[in-house]
2 protein chains.
Amino acid sequence: MPNINNNIVISSRVRFARNLKERPLPGVAKKAVLIALMEEVKAAVMALPEMEAAFSKKLEDLTLLEKQILVERHLMSCEHAVKAAGSALVLNQEETLSVMINEEDHLRMQAILPGLQLQRVFEMMRAVDEQLEGKLDFAFHPTLGYLTACPTNVGTGMRASAMLHLPGLVISEQINKIINSVNKMGLAVRGLHGEGSDAKGNLFQISNQITLGEKEETILQRLSEVIEQILQHEQNARTVFLQQQPEILLDQVGRSYGILSHAYSITTKEALNLLSLLKLGVDLNLFPEHVRLPIDELFMETQPAHLQQGAQQPKMSAKDRDALRATLIRTKINAMPIPKLQAALEG
Amino acid sequence: MPNINNNIVISSRVRFARNLKERPLPGVAKKAVLIALMEEVKAAVMALPEMEAAFSKKLEDLTLLEKQILVERHLMSCEHAVKAAGSALVLNQEETLSVMINEEDHLRMQAILPGLQLQRVFEMMRAVDEQLEGKLDFAFHPTLGYLTACPTNVGTGMRASAMLHLPGLVISEQINKIINSVNKMGLAVRGLHGEGSDAKGNLFQISNQITLGEKEETILQRLSEVIEQILQHEQNARTVFLQQQPEILLDQVGRSYGILSHAYSITTKEALNLLSLLKLGVDLNLFPEHVRLPIDELFMETQPAHLQQGAQQPKMSAKDRDALRATLIRTKINAMPIPKLQAALEG
């Protein structure tokens, strides 16, 4: 049985791409058609029991800051955020199910849960999909499978992924080797915000590349196996580091704590990279377990839009954000009753 | 009147190069001649009232660690440290007067005092020189002046210098402009350990290049004027920074404090650079005045040989030194009762 709360797998996600049969794709549909499509799909989605008391917004009714917040929370894609009239987002109350309407496809539905729970999110997604199949007529080809706007999604239309926190593999410089191996197995490795994004905060998203010619269960099985292997490598890297070079680990964790608790200006990237080392410090018992939650919260709270929302300032310069971010982190970290690192090491 | 305790001029130094008339220079003298010369000069130097209870050692009687300590304290040159039999060092009890015997010249005598006291160290040096003139027959040419091994010292044989702490000019990126201007005025700018050394810890040594064709007083006068100007520039840079970008200054000082108080491995160079910013923090009242002395002490205590002497370990790997240096700094800084930086800024 995989360990759900292993602190290395941050979240598990499955998304399905679906389109209505014989209707123009969002990229080519006229606005009136797009709006009619959106209303039809939205009504079907909102009627799901999972969507009781859901958050539902047309894209044109979302402010820039709201869209950024949703992107930072991985509840909406950047591509969807730039859409206008004719597109919408439906989000359940727990923020575990989201449906983007008229993104690249008519429906991009996702289930997301903390920890390693790929099978569970897949089942959540399948339950939603099966109910919608009864209301909407999905474009499905007998040999190809589900038809999608982009050929890379044809077949299952499924993308399954997990967000992994891999500071051990980064510090021990094994990460590139791992990424290469994972790529060879037909899986993709990306940064915090998907395709093309940097690996900030030592966070890596592993997902399937192949959607065609394989069953969902086979894809999930292979992805899970690879994630289990990466988990093992990450744990080994940490163990070896802690046994052979504890002073380097302690130095990196200590410096991160020192900078975060005393900086007066810090970028998102630096903050995430240093918070990653504090998180590692908690994993390795250099810090007490009760500081895990506030540190995890900072990963999200220090993202630009969350920061501005917290300060209730829809517009801010990058410079002011960097100062505000530092103040938020400093205040939160200095309020934690953290015993001296040295004592933790000696203890 | 120059402000002796301005916290920017760390120390003032004057050294005279002298040689005995019609005697072979150290670089060409046979060992027996060198030893005889050394004994003669040493006896004359030791007889000076300034040298009561002096430290006097032949080079072959100094351990490697002792030599390194003397170099780090600016009481002996690197060139002298590598000499063997036939060379010696005499050092007064206060460590303000040192005489290297048979370095490049028969005598390299230096006076060093904290702060901006060029005139005072010159007078100390001249008093020693005048007394020795009565005992030793110095090589002196009626038109050229004192004759020396290297033509760049012929004339006065004097090198006057001051060690300046210029973080303001470094942070505001004005330092290269200043160095270029100073060079054009016939003065040299060097790093912490003289010629060819890096500017670690934002410490710069300003000295005269010209020894020929000018009186000592003229050289000192020009050097003093230039130093006063650099002082002014440094103070302006700090004032402007504090007025216009206090958050950047606070951030740099804060991060330095955070790293120094939490690192578990640190090189000499990084330690000096961060200590420099703490020192700046004291100058700017971000830290209380009573932490100035412990911070100043760390500048010397963290140098490799001082560190090893403190730990009574004549042999250490660089890695072990970096760990020991971090522990020394962490312990000392965490023992300082320093109020929060933020309070200092808001106060």
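Residues numbered from 1 in each chain as written. Chains lettered and ligands numbered in written order. Predicted model: local features only at pLDDT ≥ 70, side-chain atom pairs only at ≥ 80, totals over all residues. Heavy atoms only, no water.

> Even after reading the chapter, I still don't get the relation of the copies chain A and chain B, so can you show me in this structure?
A rotation about an axis combined with a shift along that same axis relates the two copies of the chain. For the pair chain A and chain B, the best superposition has an RMSD of 0.0 Å and corresponds to a rotation of 180° with a translation of 0.0 Å parallel to the axis. Accordingly, the operation relating the two chain copies is best matched by a two-fold axis. Identified as the residue of chain A closest to the rotation axis by C-alpha distance is Gly258(A), at 1.9 Å. An overlap of 100% is found between the interface residues of chain A and their copies at the interface of chain B, pointing to a shared contact surface. (Least-squares fit on C-alpha atoms with pLDDT ≥ 70 in both. Contact = heavy atoms within 4.5 Å.)

> What am I meant to see in the pairing of strand β8 (residues 158–165) of chain A here?
The two faces of the sheet receive side chains in turn, since in a regular strand these alternate between them. Residue and element names in this part refer to chain A. Burial analysis of β8 places 8 of its 8 residues in the buried class, the great majority of the element. Burial along β8 is two-sided: the face carrying Met158, Ala160, Ala162 and Leu164 and the face carrying Arg159, Ser161, Met163 and His165 are both buried. Inspection of the sheet shows strand β1 (residues 9–18) paired to β8 by 7 bridges, in the antiparallel sense. Residue pairing for β8: Arg13 is matched across the bridge by Ser161. (Buried < 20%, exposed > 50% of the residue type's maximum accessible area, 1.4 Å probe, protein only. Helix = DSSP H or I, 4+ residues; strand = E, 2+ residues; numbered from the N terminus. Pairing = 2+ DSSP bridges.)

> Any chance you could explain the environment of Ser207(B) here in plain terms?
All names here are of chain B. Looking at the secondary structure, you find Ser207 in strand β10 (residues 203–208). With a relative accessible area of 0%, Ser207 lands in the buried category. Residues within four places of Ser207 in sequence aside, it is in contact with Arg159, Ala160, Ser161, Leu187, Ala188, Arg190 and Leu223. At a separation of 3.3 Å, a polar atom in the side chain of Ser207 contacts the side chain of Arg190. (Polar contact = N/O pair within 3.5 Å; in protein donor to acceptor, adjacent residues only side chain to side chain.)

> When you look at the side chain of Asp105(B) in this model, what are you seeing that I'm missing?
All names here are of chain B. Inspection of the secondary structure puts Asp105 in the loop between β4 (97–101) and β5 (107–114). The class for Asp105 is buried, based on a relative accessible area of 0%. Of the polar contacts made by the side chain of Asp105, one reaches the side chain of Asn19; its length is 2.8 Å. Dropping the residues within four chain positions of it, Asp105 is found in contact with Ala17, Arg18, Asn19, Pro26, Thr148 and Ala149.

> When you look at the interface of chain A and chain B in this model, what are you seeing that I'm missing?
The interface is formed by 18 residues belonging to chain A together with 18 residues belonging to chain B. The largest per-residue losses of area from chain A upon contact with chain B belong to Arg255(A), His262(A) and Tyr264(A), which jointly make up 40% of the total buried on that side. In this assembly, chain A and chain B are joined by 4 salt bridges. Across the pair Lys319(B) and Glu247(A) runs a salt bridge, and its minimum N-O distance is 3.4 Å. Summed over the shared surface of chain A and chain B, the number is 10 residue pairs in polar contact (both at pLDDT 80 or more). Only α8 (246–260), α12 (318–334) and α13 (341–346) of chain A provide two or more residues apiece to the side of chain A that touches chain B. (Buried area = accessible area lost by both parts, 1.4 Å probe. Salt bridge = Lys/Arg side-chain N within 4 Å of Asp/Glu carboxyl O.)

> What exactly am I supposed to notice about the confidence of the model for chain A here?
Any segment with low pLDDT has predicted coordinates that should not be analysed in fine detail. Residue and element names in this part refer to chain A. When the pLDDT values of chain A are averaged, the result is 91; 94% of them are 70 or greater. Confidence, read as mean pLDDT per element, is least for α13 in chain A (57) and greatest for strand β4 (residues 97–101) (97). Predicted complex, confidence summary: ipTM 0.81, pTM 0.86. (pLDDT = per-residue confidence, 0-100.)

> Got a minute to help me understand the domain arrangement of chain A in this structure?
For interface size, the figure often reported is the accessible area lost on association. All names here are of chain A. Parsing chain A into structural domains produces domain 1 (5–236) and domain 2 (245–346). Measuring from the centre of the C-alpha atoms in domain 1 to the corresponding centre in domain 2 gives 29 Å. Opposite the 18 residues of domain 1 that make contact, domain 2 presents 20 residues. Buried area between domain 1 and domain 2, both sides added, is near 1,600 Å², and the carbon and sulfur share of it is 64%. If you sort the residues of domain 1 by the area they bury against domain 2, Leu65, Glu72 and Ile171 come out on top, with a joint share of 33%. Inspection of the domain 1/domain 2 interface yields 0 salt bridges. Joining domain 1 to domain 2, the criterion identifies 8 residue pairs in polar contact (both at pLDDT 80 or more). Listing elements by their share of the side of domain 1 that touches domain 2, those giving two or more residues are α2 (64–72) and α5 (167–171). Per-element tally for the side of domain 1 that touches domain 2: the top contributor is α2, with 4 residues. Tallied by class, residues from the side of domain 1 that touches domain 2 come to 8 nonpolar, 6 polar and 4 charged. (Domains from an automatic or database assignment. Nonpolar A, V, L, I, M, F, W, Y, C, P; charged D, E, K, R; others polar.)

> Before we go on, may I ask you to explain the sheet that holds strand β2 (residues 55–58) of chain A in this structure?
Working definition: the strands of a sheet are paired by backbone hydrogen bonds and lie parallel or antiparallel to each other. Residues and elements named next belong to chain A. Strand order in this open sheet of 8 strands is β2-β3-β4-β5-β1-β8-β10-β9, and the pairing throughout is antiparallel. In this open sheet, the two edge strands, each paired with only one partner strand, are β2 and β9 (187–190). Averaged over all adjacent pairs, the angle separating strand axes in this sheet is 15°, with direction ignored. With 8 bridges joining them, β1 and strand β5 (residues 107–114) adopt antiparallel strand pairing. The residue bridging Arg15 from the neighbouring strand is Gln110, located in β5. Its contacts with the sheet place helix α7 (residues 216–244) against β1, β8, β9 and β10 (203–208), and it is angled at close to 10° to β8. (Axes fitted to C-alpha atoms, helices over the stretch in contact; angles between N-to-C directions.)

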